[in-house]
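Coordinate inspection notes
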Amino acid sequence: MIHKHKLRTENRGIGMTSQGTRDRLVQRLRDDGIKDERVLKAITQLPRHEFVDEALSSRAYENTALPIGQSQTISQPWIVARMTEALLDGGTPEKVLEVGTGSGYQAAILARLVPSVFTVERIDELLKLARRRFHSMRLNNIYVRYADGHLGWPSQAPFDGIMVTAAAQLVPEELLAQLGIGGLLVIPIESNGQQRLIAVRRTGEGFEESDLGAVVFVPMLSGLA
Ligand code: SAH
């Protein structure tokens, strides 16, 4: 059986979703400081246009966030690259949790780089679409859950890495608790109207925090939609 995404991704060379267009995006990310070649390769290979509405296909390889419905956005490619690079931190975490599945693009990038990806989303409609994409792209190492991500995924903990793709006011305690020793949490935190990307490493003694710079995310909300 030939899948639609296959037909579209094999149409190389011309057009706004071609390999050349994708390669230009990756060059731009490299110029803007992304260093992990594994991350850049995953971005080259994964068809981002399959994660947005067909009407937005022609803009899928611009370095910009795009609407995905329900007032949510697929993150800007540079941010996806930066957060992924930060989470990998030169190694390969075995088991990763993402909070905020959205379109599924970030989870799909992670799925090409780590053995298993668990992803949680509070908007059912978005989760259904993402699940369909994972299935058609045969990304069989992604596990999805319809839940409030503040709670993480307790039965699957501990995680080697946790990535939150919506801005929180505080680092959720539950997520820290689900981090294994040596594990890393990457999360945008909003304070005084400004968002910073924060990395928290769990050590044998406690938690070490570092600031990875200014970012812009949709807010992390509570409860199910
Ligand atoms: N990673 C996504 C980015 C989506 S935008 C992508 O690659 O497309 C952020 C997402 O976080 C939205 O889909 C939003 O519904 C979700 N979100 C916000 N608060 C959440 C929560 N408490 N639990 C789970 N998902 C949440």
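Figured I'd write up the structure that's included with this text. (Residues numbered from 1 in each chain as written. Predicted model: local features only at pLDDT ≥ 70, side-chain atom pairs only at ≥ 80, totals over all residues. Heavy atoms only, no water.)

Some remarks on the overall build of the chain
Along its length, the chain carries 7 helices and 9 strands. Along the first, second and third principal axes, the C-alpha set of the chain runs to 55 × 35 × 35 Å. For the chain, with 225 residues in total, the buried portion stands at 53%. In the chain, 55% of the contacts between residues at least 6 apart in sequence involve partners at least 24 apart. About 10,700 Å² of surface is accessible on the chain, with carbon and sulfur atoms providing 50% of the total. The centroid of the 26 positive side-chain charges in the chain is displaced by 7 Å from the centroid of its 26 negative side-chain charges. (Helix = DSSP H or I, 4+ residues; strand = E, 2+ residues; numbered from the N terminus. Buried < 20%, exposed > 50% of the residue type's maximum accessible area, 1.4 Å probe, protein only. Contact = heavy atoms within 4.5 Å. Areas by Shrake-Rupley, 256 points an atom, 1.4 Å probe, with all protein chains shown as cover. Lys, Arg positive; Asp, Glu negative; His and termini not counted. Charge placed at Lys NZ, Arg CZ, Asp CG, Glu CD.)

Some words on the side chain of Thr 21
By the element assignment, Thr 21 lies in helix α2 (residues 19-31). Assessed through its relative accessible area of 11%, Thr 21 is described here as buried. If we ignore the near neighbours within four places in the chain, the residues touching Thr 21 are Gly 15, Met 16 and Tyr 61.

Observations regarding the nonpolar core
Residues Ile 43, Tyr 105, Ile 109, Phe 134 and Ile 142 are the most contacted members of the largest nonpolar core, which totals 51 residues. Here the element with the most residues in this core is helix α4 (residues 77-88); it accounts for 7 residues. Contact partners of Tyr 105, with chain neighbours within four places excluded, come to Ile 43, Leu 46, Arg 48, Phe 51, Ile 74 and Val 80. Ala 147, Phe 159, Leu 175 and Ile 198 belong to the second largest nonpolar core, which has 20 residues in total. (Core = buried A, V, L, I, M, F, W, Y, C linked by side-chain atoms within 4.5 Å.)

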